[in-house]
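What follows is each chain in one-letter form.
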Amino acid sequence: MKTLRRTKGDITFDVVNYALMTLYALMVLYPLYFISISSISDPNAVFAGEVWLWPKDITLEGYERIFSDKLIWIGYSNTILYAAVGTAISIMLTLTAAYPLSRPDFYGRNLIMLLFVFTMFFSGGLIPTYLLVKDLGMVDTIWAMVIPNAVGVWNIIIAKTFFETSIPGELREAAFIDGCSNTRFFFKIVLPLSKPIIAVMVLFHVVGHWNGFFDALIYLNDESKYPLQLILRNILVENQVSNSAAMMMDVESYAAKQRVAELIKYGMIIVSTIPLLILYPFLQRYFVKGVMIGSIKG
């Protein structure tokens, strides 16, 4: 078999491309790596600029204090609950809205889509939204975390486009000839063939709920309902870690408190990031998987 000859221009392009991609990867990964090694290094060495490639004077004191604080575990459990319930509600609403809008025989779909798109440009604003949530009795409840932003118009557009391009009309007609109803077709055929878009939506919503803190800052008053990111925000922004009785109960001097506080700050960032790093590889394979290949002959 004859192979194509590579020119000097092709080789130069590959070298430059690999160099730029490597540089970009280092720019993205190094901050996370730096935080990782800083969380187990002596804060004095970090302040002195001695920690940039390898950890120095390794200590796990920060992680020990983090996991000994009950508020951290409460934040973890709350975040997992909000992410699980919120993602389930969002996926259900998004897919059940996108599929009818993708059907050419759905009367009035263009008008409904126009109304959806209208909300992307115009909204009531923060104060009317808060008043609505308050009037519905959702303030300081889990529903304030999962209902107001349950449906994103952009996600509906993405799912609608997927259904239009990946669910052929011939497949639907064949199912209807065999006596399949619209509901059964959606649950038995459409959803199993939509694993890539479902995986993408799950990742979008899980990341959104996991990293979200602003809704909790507005709607939640009870500290026992705070998500992990709000607790992390209080630690990093308001420096509450220095005043935490649970984490600092055995630290007396101000200098020692500041040292432990720096360890806890770096450690909290890693602790809050690890679950997403674990989740991503399990969903990545669905992004490029062509599940429609071979589903229809002809």
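These lines cover the structure that appears in this document, whether it is placed above or below. Just so it is clear, the structure is predicted and the values come from calculations on it, not from any experiment. Throughout, a residue's number is its position along its own chain's written sequence, starting from 1. For this predicted model, a pLDDT threshold of at least 70 governs which residues receive local features, and a threshold of 80 or more governs which side-chain atom pairs are given and counted, while totals over whole chains, interfaces and linings are taken from all residues. Excluding hydrogens and water, the side-chain figures rest on all heavy atoms present in the structure.

### What to know about the overall build of the protein
Working step 1: Across its full length, the protein holds 15 helices and zero strands.
Working step 2: Under the scheme applied here, a residue whose accessible area is under 20% of the maximum for its type counts as buried, over 50% as exposed, and between as partly exposed, the area being computed with a 1.4 Å probe on protein chains only. Residues classed as buried in the protein amount to 36% of the 298 residues present.
Working step 3: Only heavy atoms matter for contacts: two residues are in contact if any of them lie within 4.5 Å across the pair. Considering only contacts within the protein whose residues lie at least 6 apart along the sequence, 71% involve residues at least 24 apart.
Working step 4: By element, 66% of the accessible surface of the protein is carried by carbon and sulfur atoms, the whole surface being about 18,400 Å². Segments assigned H or I by DSSP are reported as helices when at least four residues long, segments assigned E as strands when at least two residues long, and all are numbered from the N terminus. Here the Shrake-Rupley method, with its probe set to 1.4 Å, supplies the accessible areas, and only the displayed protein chains count as covering residues.

### Re the pattern of salt bridges
Should the charged atoms of two oppositely charged side chains come close, the side chains can pair.
Working step 1: When a carboxyl oxygen of Asp or Glu is within 4 Å of a side-chain nitrogen of Lys or Arg, the pair counts as a salt bridge. Going through the model one piece at a time under the given rule, you end up with five salt bridges.
Working step 2: Between Arg109 and Glu164 there is a salt bridge, and its shortest N-O distance comes to 3.5 Å. Taken together, the residues Arg109 in helix α5 (residues 109–121) and Glu164 in helix α8 (residues 153–166) connect sequence positions 55 residues apart.
Working step 3: You can call Arg109 partly exposed: its relative accessible area is 21%.
Working step 4: Among the salt bridges present, the one from Lys160 reaches Glu164, with a minimum N-O distance of 2.8 Å. Linking Lys160 with Glu164, this pair stays in helix α8, spanning four residues, or about one helical turn.
Working step 5: Lys160 gets classed as buried once you look at its relative accessible area, which sits at 17%.
Working step 6: Relative accessible area serves as the criterion here: at 36%, Glu164 is assigned to the partly exposed category.
Working step 7: When salt bridges with common partners are traced through the structure, they connect Arg109, Lys160 and Glu164 into a single cluster.

### Quick look at unusual backbone geometry
Working step 1: Not every positive phi belongs to a glycine, and Asp57 is a case in point at roughly 55°.
Working step 2: Tracing the backbone shows Asp57 in the loop between α2 (43–47) and α3 (61–67).

### Structural notes on the nonpolar core
Working step 1: Here the nonpolar core consists of buried residues drawn from Ala, Val, Leu, Ile, Met, Phe, Trp, Tyr and Cys, with membership extended through side-chain atoms lying within 4.5 Å. Ranked by internal contacts, the top residues of the largest apolar core, which has 32 residues, are Ile66, Ile72, Tyr76, Met145, Leu220, Leu228 and Met268.
Working step 2: Of all the secondary-structure elements, those providing two or more residues to this core are α1 (8–38), α2, α3, α4 (70–102), α7 (143–146), α11 (195–211), α13 (228–237) and α15 (254–284).
Working step 3: Broken down by element, this core gets its largest block of residues, seven residues, from α15.
Working step 4: Core analysis: the second largest hydrophobic core is formed by 21 residues, Phe163, Ile167, Leu171 and Ile197 among them.

### Notes on the packing of aromatic side chains
Working step 1: Classification of ring pairs rests on two measures: the distance between centres of Phe, Tyr or Trp rings, Trp counted by its six-membered ring, which must be within 6.5 Å, and the angle between planes, read as stacked under 30 degrees, edge-to-face over 60 and tilted in between. Scanning all chains against the criterion turns up 14 aromatic pairs.
Working step 2: Ring plane angle 0° and centroid distance 5.9 Å describe the contact between Tyr130 and Tyr219, whose orientation is recorded as stacked. Taken together, the residues Tyr130 in helix α6 (residues 126–135) and Tyr219 in helix α12 (residues 214–219) connect sequence positions 89 residues apart.
Working step 3: Chaining the aromatic ring pairs together yields one cluster made of Tyr99, Phe162, Phe163, Phe176, Phe185, Phe186 and Phe187.

### Let's talk about α8
Working step 1: How far a helix is expected to stretch is found by multiplying one less than its residue total by 1.5 Å. Between its first and last C-alpha, α8 extends 20 Å over 14 residues, near the 20 Å set by a 1.5 Å rise per residue.
Working step 2: Buried within α8 we find Val153, Asn155, Ile156, Ala159, Lys160, Phe162, Phe163 and Ser166.
Working step 3: Next to the buried residues of α8 lie α4, α5, α10 (182–190) and α11.

### A look at the packing of α4 against α11
Working step 1: Note on geometry: axes are C-alpha line fits, over the in-contact stretch for helices, and angles between N-to-C directions span 0 to 180 degrees. Their axes nearest at 8 Å, the elements α4 and α11 cross at an angle of 140°. Here α11 runs oblique to α4, going by the angle between their axes. Along this stretch, α4 crosses α11, giving a crossing that reads as right-handed. In contact with Tyr76, Thr79, Ile80, Tyr82, Ala83, Gly86, Thr87, Ser90, Ile91, Thr94 and Leu95 of α4, α11 contributes Ile198, Met201, Val202, His205, Val206, His209 and Trp210.
Working step 2: Residue composition of the contact of α4 with α11, grouped by class: 11 nonpolar, seven polar and no charged. Working rule for angles: under 35 degrees goes down as roughly parallel, over 145 as roughly antiparallel, 65 to 115 as roughly perpendicular, anything else as oblique. It is the rotation of the near helix from the far one that decides the hand of a crossing: anticlockwise by less than a right angle makes it left-handed, clockwise makes it right-handed. Polar here means any residue other than Ala, Val, Leu, Ile, Met, Phe, Trp, Tyr, Cys and Pro, which are nonpolar, and Asp, Glu, Lys and Arg, which are charged; Gly is therefore polar.

Everything listed here is a matter of geometry and, on its own, says nothing about what the molecule does.
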